[in-house]
Each structure stands twice: as C-alpha cells, then as structure tokens.
Amino acid sequence: LALEKETQAAFRKAQAALDSLNIVLDKLKKANVYQVRLLLAAAARNQQDLNFDAALERLETAKILRALPDSVDLAYQNLSQALLKHARESLQRGAYKAALTNIKSAEALNIQPDAVAAAKQTLRQFLFENAQLDMVATDYDVAVEKTNAVHALGASRDTVEGLFYELAFCYVETNRLDRAAGLLDTLAQGRNNQT
C-alpha cells in the first residue's frame with residue numbers, strides 16, 4: 001500500500017513536470033512565431049532597400065527557428081524573384097557585374113531554376129555581344145573581363161575560346177604581346193584541364 005502511494009506521488013510529480021514542460025514549449029513556440037514574423041518583416045524591408053544579403057541572413061535565421069515554414073518558403077520565393085528582377089534592371093542599365101551577382105545569389109537559393117537559367121542566358125548573350133562591341137572599339141581589356149564573365153556563366157567552350165582567340169589576335173595587332181601570350185596560356189591550360 002505504501003509502495004502504491006509512492007508510485008502515485010511520483011506519477012503526479014512526473015505529470016506536473018510534463019505539464020510545466022508543455023507550457024514552456026508552448027511559450028517557446030509562440031515566441032518563435034513572433035520572432036519569425038519580425039524577421040520576415042525585416043527581410044521584406046531589406047529586400048525593398050535592395051539589401052539582399054541582409055534579407056537572406058534574416059530568412060536563414062527564420063528558417064532555423066522552424067516556425068511558420070510556409071511563410072518562410074514564400075519569403076524565399078519573393079527574394080529569388082526580387083534578385084532576378086533586379087538583375088534584369090541592372091542589365092538594362094548595363095551594370096552586368098551587379099546582374100551577375102544577383103543571378104548567382106538567386107541560383108544559390110535553388111528555388112526557381114528555370115528563371116535563373118533564363119536570366120543567365122540573357123546575361124551571357126548581353127556579355128557576348130558587348131565583348132564584341134568592345135573589341136570593335138579597341139577596348140580589349142574590358143572585352144577580356146566580359147569574356148571571363150561569359151565563361152563563369154557556363155557558356156560553351158567554343159564560344160569562349162573563339163572570343164579569346166580573337167582578343168589574342170587583337171593584342172598581337174596592337175603590339176601587346178604580353179596580354180596575347182597570357183590569353184593563349186589561359187586557353188592552353190583550359191584545354192589541358194579538359195583532357
């Protein structure tokens with residue numbers, strides 16, 4: 001009888017501890033929901049201010065808190081769309097470096113792969129055409145920079161090599177043999193890495 005009373009007392013204590021733990025967990029969950037809402041609002045403000053890195057940081061923190069997962073997923077989609085939109089706007093202004101940065105950030109989110117692929121293709125085409133225009137304008141160093149960006153975006157090897165050979169020829173014609181040799185060396189290393 002005494003053992004049964006001790007068991008019931010221990011059970012009541014365990015039940016009370018479990019109830020207390022459930023209250024704490026419920027309060028923690030409510031606090032996480034509140035914190036995630038604040039983080040999502042701050043991320044939206046950062047996104048409007050074009051501070052995409054800060055927005056991403058807030059979304060990553062919100063994801064860790066594991067509250068409101070659907071809202072967090074939607075915020076990631078909105079961020080991806082904003083990055084691609086800003087990339088298009090940057091490209092229209094001719095700011096290809098900003099466009100490249102935004103496209104790479106959107107690609108890292110891995111949310112809209114088709115939209116990212118389309119943006120990369122548009123940027124590749126823009127850079128390819130502008131590199132050729134830079135060659136015509138004898139601005140070879142800028143053309144090399146844009147060709148490197150075309151390569152970083154995954155353009156075909158033939159396209160990149162064609163531009164580099166053309167640029168090497170231009171450097172030879174303008175007696176900048178060191179630059180021509182550097183490009184040809186880069187091409188040779190690229191070919192050796194392919195085999």
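Look a little higher up for the structure.
Residues numbered from 1 in each chain as written. Predicted model: local features only at pLDDT ≥ 70, side-chain atom pairs only at ≥ 80, totals over all residues. Heavy atoms only, no water.

Draft legend 1. Structural context of the pattern of salt bridges. Evaluated as defined, the whole model comprises 7 salt bridges. For the salt bridge of Asp 134 with Lys 146, the shortest nitrogen-to-oxygen distance reads 2.9 Å. Residue Asp 134 is found in helix H5 (residues 113–136), and its partner Lys 146 is found in helix H6 (residues 140–152); the two are separated by 12 residues along the sequence. Like Asp 134, the residue Lys 146 is buried in the burial classification. Close ionic contact of Arg 157 with Glu 161 constitutes a salt bridge, the shortest N to O distance being 3.3 Å. With a gap of 4 residues between them, Arg 157 and Glu 161 both fall in helix H7 (residues 157–173), about one helical turn apart. Put simply, Asp 141, Arg 176 and Arg 179 are held in one network by salt bridges that share partners. (Salt bridge = Lys/Arg side-chain N within 4 Å of Asp/Glu carboxyl O. Helix = DSSP H or I, 4+ residues; strand = E, 2+ residues; numbered from the N terminus. Buried < 20%, exposed > 50% of the residue type's maximum accessible area, 1.4 Å probe, protein only.)

Draft legend 2. Local environment of the packing of H5 against H7. Across the interface, H5 lies against H7 with an axial gap of 11 Å and an inter-helix angle of 10°. Put simply, H5 runs roughly parallel to H7. For the pair H5 and H7, contact is made by Phe 128, Gln 132 and Met 135 and by Thr 159, Leu 163, Glu 166 and Leu 167, respectively. Per-class residue counts for the contact of H5 with H7 are 4 nonpolar, 2 polar and 1 charged. (Axes fitted to C-alpha atoms, helices over the stretch in contact; angles between N-to-C directions. Parallel < 35°, antiparallel > 145°, perpendicular 65-115°, else oblique. Contact = heavy atoms within 4.5 Å. Nonpolar A, V, L, I, M, F, W, Y, C, P; charged D, E, K, R; others polar.)

Draft legend 3. Structural detail: the nonpolar core. By size, the foremost hydrophobic cluster in this structure holds 49 residues, and its most contacted members are Leu 123, Leu 127 and Leu 167. Where this core is concerned, the elements lending two or more residues are helix H1 (2–48), helix H2 (52–65), helix H3 (69–92), helix H4 (96–109), H5, H6, H7 and helix H8 (177–194). If one sorts the elements of this core by residue count, H3 sits on top with 9 residues. (Core = buried A, V, L, I, M, F, W, Y, C linked by side-chain atoms within 4.5 Å.)

Draft legend 4. Region of the structure containing a nonpolar patch on the surface. Nonpolar side chains collect at one region of the surface, where Leu 18, Leu 21, Leu 25 and Leu 28 lie side by side and expose about 360 Å² of accessible area between them. Under the relative-accessibility criterion, Leu 25 is labelled partly exposed at 45%. (Patch = residues over 30% accessible without salt bridge, like charges linked within 9 Å, V, L, I, M, F, W, Y side chains within 5 Å. Areas by Shrake-Rupley, 256 points an atom, 1.4 Å probe, with all protein chains shown as cover.)

Draft legend 5. Region of interest: unusual backbone geometry. The phi dihedral of Arg 66 falls on the positive side, at around 60°, and the residue is not glycine. Among the structural elements, Arg 66 can be located in the loop between H2 and H3. A positive phi angle, near 55°, is found at Asn 110, a position not held by glycine. By the secondary structure assignment, Asn 110 is in the loop between H4 and H5.

Draft legend 6. Examining H4 more closely. Taking 1.5 Å of rise per residue, 14 residues should cover 20 Å, and H4 covers 20 Å from first to last C-alpha, within 8% of that figure. Among all positions in H4, only Tyr 96, Ala 99, Leu 100, Asn 102, Ile 103, Ala 106 and Leu 109 are buried. Packing partners of the buried residues in H4 comprise H2, H3, H5 and H6. Residue Asn 110 follows H4 closely and has a positive phi angle near 55°. (Expected span 1.5 Å × (residues − 1).)

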